[in-house]
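# Geometric and topological summary
The primary structure of each chain is shown beneath.
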Amino acid sequence: MTEPLLVSLRVVGMALGAIALLGVPIALYLAKARGVFGQVLELVVLIPMFLPPTVLGYFLLVALGSGSPLVEWLGIELLFTTAGAAVAATAVGLPLMVMSSRAAFAGVDPRLESVARTLGASEWRVFVDVTLPLARRGVAAGLLLGAARATGEFGATLMVAGSIPGRTRTLPIALYDAIQLGDGDVALSIVLALTGWSVAALLLLRRFERGRR
Amino acid sequence: MLEVEIRKPLDHFDLDVRFEMKSELAVIFGRSGAGKTQTLECIAGLSRPVEGLIRLGRRVLYRGEPEKRSIDMPSRLRKVGYVFQDGLLFPHMTLRQNVLYPLMRCGRAHDGEARAEALLRDLGIGHLADYMPGRVSGGQRRRAAIARALAGEPELLLMDEPFVHLDRVVKARLMAEVERIPNERGTPVLLVTHDLSVLTRLAARIIVLEQGQVVQAGPRDAVLGAPAGAQVARLFGDAFSYEGPV
């Protein structure tokens, strides 16, 4: 079980970094912006939450496949790599992060941001000193939800990254393989690990929500 | 000296405000929804007029003319302090951190602690420096908000209804503090209110606003002594109007 655990930690770690880096600015933009671009961006970011995982997997295969403009621009191969699995995990985790953070950013009194401006704060300082600290619980809850969802990602990951031991075989995929091979002990230990992590995430989330009230 | 001449369409009327003030305590007086707060926001750079001029001393804060490139200085560079209606302290910072905030932003963290301390003491809340805003009273929060606005050494202090929802004693004490600001610190104060007692107690200059227009402006005694018409007199209440045959 150690190998898939390490793969899962790497995949979720990479995905969490991407979710934070993409999710915070997108949520902030969606919390403040009105207009067509915001609506399109919202649709693109949130749609993986509603799509069947295999349909998402198909889209990711097209986007990450050889010859796609994205891969040529990045200059790295993503299909059947750890990074590819992280892309799939990011796609499913990002919507939860964006929804939770957007609500938190929208809940910050804009007059507090105005006060900071009159006190000499640049837009960046307004964000760092006022907006982010006041929205921190919602952002943290979003990261946690995103991480939980990214950990459990199965269908799209299998399609774009396969099940390569030590590279793309994450805990949920290793569980599926163990059941297929009739390896009950491995299956049970993975089930216990994932259930434990889910319960811990849920308890932590409840703490964030209590703090918000 | 502050020179304001701004135009801005609002929902129900057009804001078309023109007035001047010296280094004194001036009061914009008018009913709720007359455009008072909008005027303050334009001066602070939180809202943008469509055209006009806002000049503070020699600095042009805003200049907008049709078909010309406008000047619109960002809020953070205007040196205009703003005290919002309910104080509006940063709820995640202590009173001391709130007052330190503008000093950190203008790179004066080195002597900031002492200055913040002095301001809090001066406003009678030195003993509450390490309290969070949620743990102190409404009057104390407003004192801290005034200390915070003054910490950045603004060239003009704007105050939006700073005495609403305060009991009589707290309000009288806070009014005395505000009255001291132009005289002792040399910072002009432009205050918005619809409260006649604030007007009669504090104003050196009165600007009466109705439906986005300045209907009368001038030194306190001149305005209160000779309201420009029945409409303004009625705004000042019964003591200033007398009905009879003409």
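Definitions and cut-offs
- Residues numbered from 1 in each chain as written.
- Chains lettered and ligands numbered in written order.
- Predicted model: local features only at pLDDT ≥ 70, side-chain atom pairs only at ≥ 80, totals over all residues.
- Heavy atoms only, no water.
- Helix = DSSP H or I, 4+ residues; strand = E, 2+ residues; numbered from the N terminus.
- Buried < 20%, exposed > 50% of the residue type's maximum accessible area, 1.4 Å probe, protein only.
- Contact = heavy atoms within 4.5 Å.
- Areas by Shrake-Rupley, 256 points an atom, 1.4 Å probe, with all protein chains shown as cover.
- Lys, Arg positive; Asp, Glu negative; His and termini not counted.
- Charge placed at Lys NZ, Arg CZ, Asp CG, Glu CD.
- Axes fitted to C-alpha atoms, helices over the stretch in contact; angles between N-to-C directions.
- Left-handed = near helix turned anticlockwise from the far one by under 90°.
- Expected span 1.5 Å × (residues − 1).
- Arc of directions from axis to C-beta.
- Buried area = accessible area lost by both parts, 1.4 Å probe.
- Salt bridge = Lys/Arg side-chain N within 4 Å of Asp/Glu carboxyl O.

Looking now at the overall build of chain A. Looking only at helices and strands, chain A has 10 helices and zero strands in total. Starting at the N terminus and ending at the C terminus, chain A contains elements arranged as α-α-α-α-α-α-α-α-α-α. Summarising its shape, the C-alpha atoms of chain A cover approximately 65 × 45 × 25 Å along the three principal directions. Here chain A, with 213 residues, has 43% of them falling under the buried criterion. Within chain A, contacts between residues at least 6 apart in sequence are counted, and of these 73% link residues at least 24 apart. Accessible surface computed for chain A: about 10700 Å², of which carbon and sulfur atoms make up 69%. For chain A, the distance from the average site of its 17 positive side-chain charges to the average site of its 13 negative ones is 12 Å.

Packing of helix H1 (residues 2-32) of chain A against helix H5 (residues 82-106) of chain A leaves a shortest axis separation of 6 Å and a crossing angle of 35 degrees. Pair H1 of chain A / H5 of chain A crosses with right-handed handedness.

Here we take up helix H3 (residues 53-64) of chain A. Residue and element names in this part refer to chain A. For H3, built from 12 residues, the straight-helix expectation of 16 Å at 1.5 Å per residue is met to within 8% by its first-to-last C-alpha distance of 16 Å. Among all positions in H3, only Leu56, Gly57, Leu60 and Leu64 are buried. Buried residues in H3, looked at end-on, bunch into an arc of 105 degrees, giving them a common side. Along H3, exposed side chains directed more than 90 degrees from the buried face belong to Tyr58 and Val62.

Contacts between chain B and chain A engage 19 residues on the former and 17 residues on the latter. Carbon and sulfur atoms make up 70% of the surface buried where chain B meets chain A, a total of about 1600 Å² over both sides. For chain B, the biggest contributors to the area lost against chain A are Arg76, His92 and Arg105 of chain B; these three give 32% of the whole. At the boundary of chain B with chain A, the tally comes to two salt bridges.

What follows is about the environment of Ile6 of chain B. Residue and element names in this part refer to chain B. Structurally, Ile6 is set in strand S1 (residues 2-9). What makes Ile6 buried here is its relative accessible area of 0%. Residues Ile6 and Leu235 lie 229 residues apart in sequence; the distance between their C-alpha atoms is 23 Å. The residues touching Ile6, leaving out its near neighbours within four places in the chain, are Leu15, Asp16, Val17, Thr39, Cys42, Pro49, Glu51, Gly52, Leu53 and Ile54.

One pass over the full model with this rule turns up 29 salt bridges over all chains. When the shortest N-O distance is used, the salt bridge between Lys32 of chain A and Glu113 of chain A registers 2.9 Å. Linking Lys32 of chain A in helix H1 with Glu113 of chain A in helix H6 (residues 110-118), this pair joins segments that are 81 residues apart in sequence. With its nearest N and O atoms 3.8 Å apart, the salt bridge here joins Asp16 of chain B to Arg7 of chain B.

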